[in-house]
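Chain by chain, the residues run as shown.
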Amino acid sequence: MAPPKTPAVIWKTLGIKKPEKALEGLTPYAEYLLLERGYSARGVRRYLQDLALWHRFLEEEGFPPGPEAVRALLLAKRWAPRRVQGFLAALRGYYRYLREVQGEEVLDPTEGIGRPKAGRRLPLHPNPEELKRFLQAFGEEKEAALLEALARFLYGTGLRISEALSLKGRNVILEGGHPVAVRVVGKGNKERLVPLSRTAQGVLLDLGLPQGNVPIFTFREGRRRGRVPSARWVEAKFREAALRAGLDPRRFTPHKLRHAYATLLVEQGVELDAVKDLLGHESIATTQIYLHASRERLKEAASRLPDL
């Protein structure tokens with residue numbers, strides 16, 4: 001376990017400049033999710049926002065925490081099923097933490113609350129032609145080379161944005177001086193080996209391969225030269241580029257490029273279990289498959305991704 005961080009460092013990590021009162025008491029939980037569970041900053045922010053809303057509701061309405069309060073809040077909000085699912089998951093996780101980690105005698109307020117069924121949403125991933133338009137839109141950016149490299153690398157590996165930004169020279173595996181894979185630490189601090197598609201290999205060769213602990217993706221110009229950009233900065237720049245290209249920005253987030261990677265592999269006939277291994281999804285079934293998957297099968301899967 002990593003050493004404790006000060007509240008200020010936690011909130012800075014989460015991209016929250018000044019936490020509201022309802023969030024301040026959640027600092028230990030935020031630290032637990034970040035350091036021990038390995039959650040992304042984006043995921044932690046989403047959990048904390050739901051918990052802050054929950055605590056504000058209890059205070060304003062005078063409810064004790066329990067199923068009655070949950071039902072009252074859901075009745076007042078009238079959220080869509082998927083939103084309800086996310087809120088209930090945030091509560092369950094928090095009260096499990098209080099009970100199992102903090103040793104508090106608390107009950108799960110979602111106990112007995114029905115989980116609504118959410119319809120399956122069609123993926124909003126971009127296709128290769130749209131991706132080319134998207135990449136061309138980076139030409140107006142000062143850090144065009146960095147942004148284009150990140151977009152192509154995310155498409156070419158299926159990595160989470162946080163995983164890509166944390167890569168250093170020592171994470172790249174070479175064969176004959178050529179990059180063939182990267183070692184990635186994903187959710188829950190689980191390490192996996194991700195073979196590189198031709199697109200991803202091209203990105204690393206174009207950037208030049210750093211050594212040791214030198215980050216791969218850094219600012220190239222100005223005062224920030226050599227520093228690693230934040231995930232939120234990348235997301236904002238991706239949105240701006242999509243809008244300039246006349247594209248729906250919701251379909252060009254770093255996470256949608258991850259979806260594009262997976263979908264295109266499936267369309268190329270790659271087995272679903274291999275795709276899950278490459279993405280590093282968290283589930284018992286996926287973990288078992290990953291443990292028994294051969295490196296050669298995953299390399300073959302990554303090699304089928306169309307070039308960008």
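Note that the structure is a prediction, hence the values are computed from the model and not measured.

## Let's talk about the environment of Leu14
Mapped onto the secondary structure, Leu14 falls in the loop between helix H1 (7-13) and helix H2 (21-24). When its relative accessible area of 0% is taken as the criterion, Leu14 is described as buried. C-alpha of Leu14 to C-alpha of Gly43: the two residues are 29 residues apart in sequence and 9.5 Å apart in space. Ignoring any residue separated from it by four or fewer positions in sequence, one finds Leu14 in contact with Ala30, Leu34, Ala41, Val44, Arg45, Leu48 and Arg232.

## As for the packing of aromatic side chains
Counting across every chain of the model gives 16 aromatic pairs. With 6.0 Å between their ring centres and 85° between their planes, Tyr39 and Tyr47 make a pair best called edge-to-face. Overall, Tyr39 belongs to the partly exposed group, its relative accessible area being 22%. An aromatic cluster is present here, built from Tyr29, Tyr32, Tyr94, Tyr95 and Tyr97 joined pairwise through their rings. Between Arg83 and the ring centre of Trp79, over which it is positioned, the NZ or CZ distance is 4.2 Å. One cation-aromatic arrangement involves Arg224 over Phe219; the distance from NZ or CZ to the ring centre is 4.1 Å.

## Overview of the pattern of salt bridges
Evaluation of the coordinates by the stated rule reveals twelve salt bridges. Of the charged contacts, one joins Asp50 and Arg83 as a salt bridge, the two residues approaching to 2.7 Å between their closest N and O atoms. A residue pair is termed long-range when its members are at least 10 positions apart, and Asp50 in helix H4 (residues 41-61) and Arg83 in helix H6 (residues 81-100) qualify at 33 residues. Taking the shortest distance from any N to any O, the salt bridge between Arg244 and Glu141 comes out at 3.4 Å. Placement of the pair is Arg244 in helix H11 (residues 231-244) and Glu141 in the loop between helix H7 (128-136) and helix H8 (144-157), with a sequence separation of 103 residues. One network of salt bridges, in which partners are shared, links Glu140, Glu141, Lys237, Glu240 and Arg244.

## Structural notes on H11
Helix length check: H11 (14 residues) gives 20 Å between terminal C-alpha atoms against 20 Å at 1.5 Å per residue, within 8%. Listed in full, the buried residues belonging to H11 are Trp233, Val234, Lys237, Phe238, Ala241 and Ala242. Taken end-on, H11 shows its buried residues confined to a sector of 165°, consistent with a single buried face.

## Focus: the confidence of the model for the chain
Per-residue confidence for the chain gives a mean pLDDT of 81; residues scoring 70 or more make up 77%. Every residue in residues 283-294 is under pLDDT 50, and counting partners more than four places away or in other chains gives twelve contacts.

## What about the nonpolar core?
Counting residues in hydrophobic clusters, the biggest one holds 40 residues, and the most contacted among them are Phe134, Phe138, Leu150, Phe153, Phe217 and Phe238. Counting residues per element, the ones that place at least two in this core are H7, H8, helix H9 (161-165), strand S2 (178-185), helix H10 (198-207), H11 and helix H12 (254-267). Per element, the largest residue contribution to this core is nine residues, and it comes from H8. Other than its neighbours up to four places away in sequence, Phe217 contacts Leu146, Ala149, Leu150, Phe153, Ala164, Leu165, Val203, Leu207, Arg227, Val228 and Pro229. In terms of nonpolar packing, the next biggest core, distinct from the first, is built from 33 residues, Ala30, Leu58, Leu74 and Tyr94 among them.

## Observations concerning the environment of Ala164
When you line up the elements, Ala164 lands in helix H9. The sequence separation of Ala164 and Pro215 amounts to 51 residues, and the corresponding C-alpha distance is 9.8 Å. Contacts of Ala164, omitting those with residues within four sequence positions, involve Leu150, Phe153, Leu154, Leu159 and Phe217.

The rules behind these values
- Residue indices begin from 1 for each chain and proceed along its sequence in written order.
- Side-chain atom pairs in this predicted model are given and counted only at pLDDT of 80 or more, local residue features only at pLDDT of at least 70, and totals for whole chains, interfaces and linings cover all residues.
- To obtain the side-chain values, all non-hydrogen atoms of the structure were used and water was disregarded.
- Starting at the N terminus, helices and strands are each numbered in turn, a helix being any DSSP run of H or I of at least four residues and a strand any DSSP run of E of at least two.
- Buried residues are those whose accessible area, probed at 1.4 Å on protein chains only, stays under 20% of the maximum for their type, while exposed residues exceed 50% and partly exposed ones sit between those limits.
- Here a residue-residue contact requires only that any non-hydrogen atoms of the pair lie within 4.5 Å.
- Stacked, edge-to-face and tilted are the three classes for Phe, Tyr and Trp ring pairs, Trp counted by its six-membered ring, which pair at centre distances within 6.5 Å; planes under 30 degrees apart are stacked, over 60 edge-to-face, the rest tilted.
- Put simply, a charge is over a ring when the Lys NZ or the Arg CZ is close to the ring centre, within 6 Å, and near the line of the ring normal, within 35 degrees.
- Salt bridges, as used here, are contacts in which a Lys or Arg side-chain nitrogen is within 4 Å of a carboxyl oxygen on Asp or Glu.
- How far a helix is expected to stretch is found by multiplying one less than its residue total by 1.5 Å.
- Directions are taken from the helix axis to each C-beta atom, and the arc is the one they span.
- Scored from 0 to 100, pLDDT reflects the predictor's confidence in each residue.
- Nonpolar core, defined: a set of buried Ala, Val, Leu, Ile, Met, Phe, Trp, Tyr and Cys residues in which side-chain atoms within 4.5 Å join the residues together.

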